[in-house]
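Summary of structural features
Listed below are the residues making up each chain.
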Amino acid sequence: CGTSFRGGDLLDIDTDGERIWWHNPDDVAEPLRLAADEATALLVAARAVSTLPGLRESDRQALLRATAKVETAAGETAGASSRLSVTFEAEGGVFADVDRAISERRRLWIRYYSPARDEVTEREIDPIRLVSVGHTYVEAWCRRSEARRTFRLDRVAEIRILDEPSAPPEIELRDLSEGLVQPAAEDPEVVVEVGPGGRWVAEYYPHDSADELPDGGLRITLRTPDPASLRRLALRLGRDGRIVSPPELAESARRAATEALAAYDTEPPAGSGQ
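Being a predicted model, the structure only gives us computed values, none of them experimental.

What counts, and at which threshold
- Residues numbered from 1 in each chain as written.
- Predicted model: local features only at pLDDT ≥ 70, side-chain atom pairs only at ≥ 80, totals over all residues.
- Heavy atoms only, no water.
- Helix = DSSP H or I, 4+ residues; strand = E, 2+ residues; numbered from the N terminus.
- Buried < 20%, exposed > 50% of the residue type's maximum accessible area, 1.4 Å probe, protein only.
- Contact = heavy atoms within 4.5 Å.
- Areas by Shrake-Rupley, 256 points an atom, 1.4 Å probe, with all protein chains shown as cover.
- Pairing = 2+ DSSP bridges.
- Axes fitted to C-alpha atoms, helices over the stretch in contact; angles between N-to-C directions.
- Phe/Tyr/Trp six-rings, centres within 6.5 Å; stacked < 30°, edge-to-face > 60°.
- Lys NZ or Arg CZ within 6 Å of the ring centre and 35° of its normal.

1. Some remarks on the overall build of the protein chain
The helix and strand inventory of the protein chain stands at eight helices and 11 strands. For the protein chain, with 274 residues in total, the buried portion stands at 32%. Taking the intrachain contacts of the protein chain between residues at least 6 apart in sequence as the baseline, contacts between residues at least 24 apart amount to 54%. By element, 51% of the accessible surface of the protein chain is carried by carbon and sulfur atoms, the whole surface being about 17,600 Å².

2. Remarks on the sheet that holds strand E9 (residues 209-212)
Read across the sheet, four strands follow the order E9-E10-E8-E11 without closing on themselves; strand pairing throughout is antiparallel. Sheet topology places E9 and strand E11 (241-245) at the edges, where each strand pairs with a single neighbour. Neighbouring strand axes in the sheet, compared pairwise and without regard to direction, differ in orientation by 20° on average. Alignment of E9 against strand E10 (residues 218-223), held across four bridges, turns out to be antiparallel. Following the sheet pairing, Ala210 is matched in E10 by Ile220. Packing against the sheet, helix H8 (residues 247-264) makes contact with strand E8 (189-194) and E11, and its axis sits at approximately 150° to E11.

3. Examining the packing of aromatic side chains
Within the structure shown, the criterion is met by one aromatic pair. For the cation-ring pair, Arg160 lies above Trp109, with the distance from its terminal atom to the ring centre recorded as 4.0 Å.

4. Considering the pairing of E10
In the sheet, E8 pairs with E10 via six bridges, with the strands oriented antiparallel. Bridge assignment links Glu193 to a residue of E10, and that residue is Arg219.

5. A short note on the pairing of strand E5 (residues 135-142)
The element E5 is largely enclosed, with a buried count of eight among its eight residues. Neither face of E5 is open: one carries His135, Tyr137, Glu139 and Trp141, the other Thr136, Val138, Ala140 and Cys142, and all of them are buried. Looking at chain direction, E5 and strand E6 (residues 147-152) are connected through six bridges and run antiparallel. By the bridge assignment, Cys142 is partnered in E6 with Ala147. With antiparallel pairing between neighbouring strands as the criterion, E5 and E6 make up a hairpin whose turn holds four residues, including Glu146 at a positive phi of roughly 55°.

Below, the structure written as structure tokens:
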């Protein structure tokens, strides 16, 4: 047994039920070395983090010194990592402003784009923490909705640090290691097909799979405790998408679309001036 099958950390053990013989303690006692993939991942991540705006200069220098030591220890493996780079989405100083607001405990004003509703809203938020789960987000208390919300930094159109102090209520931080939204295995499965103009759905909604379609669209399989809530998504997509299953949800979305279209055909009341 051991932590991997790469070798060098496997324990060679025998037992007769009363005694245990450990045959290779000297091998396991040797200093651990990074495998090639481990060293590459660590070096690429370290170099990327060192470029983040808002990082304290003392922390940046400490990270660069540690990276140099890892490069020396990795030897030839470090060469592969130098050919890879990571670019963070948080641009225009958004990351730096959020990081500063958190450290100084100040409120933020943001203009935020929501692709699901195709609208830009203005909000005041009390930032709690920055998290990276595929994308970079700020978890915050939203003064507009009076609830905890998570905002993707690359969707922040404008940001200002306010003079008001940040005062989010005491809330328990969630474990986000498995994603921002974590549908349960028992939640109903929904299949949605979207055209090229609806590919954003795969970014916005956690899903089990997203398979490419011949027309450049996607067949997305996801789970949700409230499938009926996806009717609004179907109306939002229009010609760019449709619900495939379950059949009853697809029919419900078609009825909602038909009723919405029928409303446009209604004659305006006499004298309404329309």
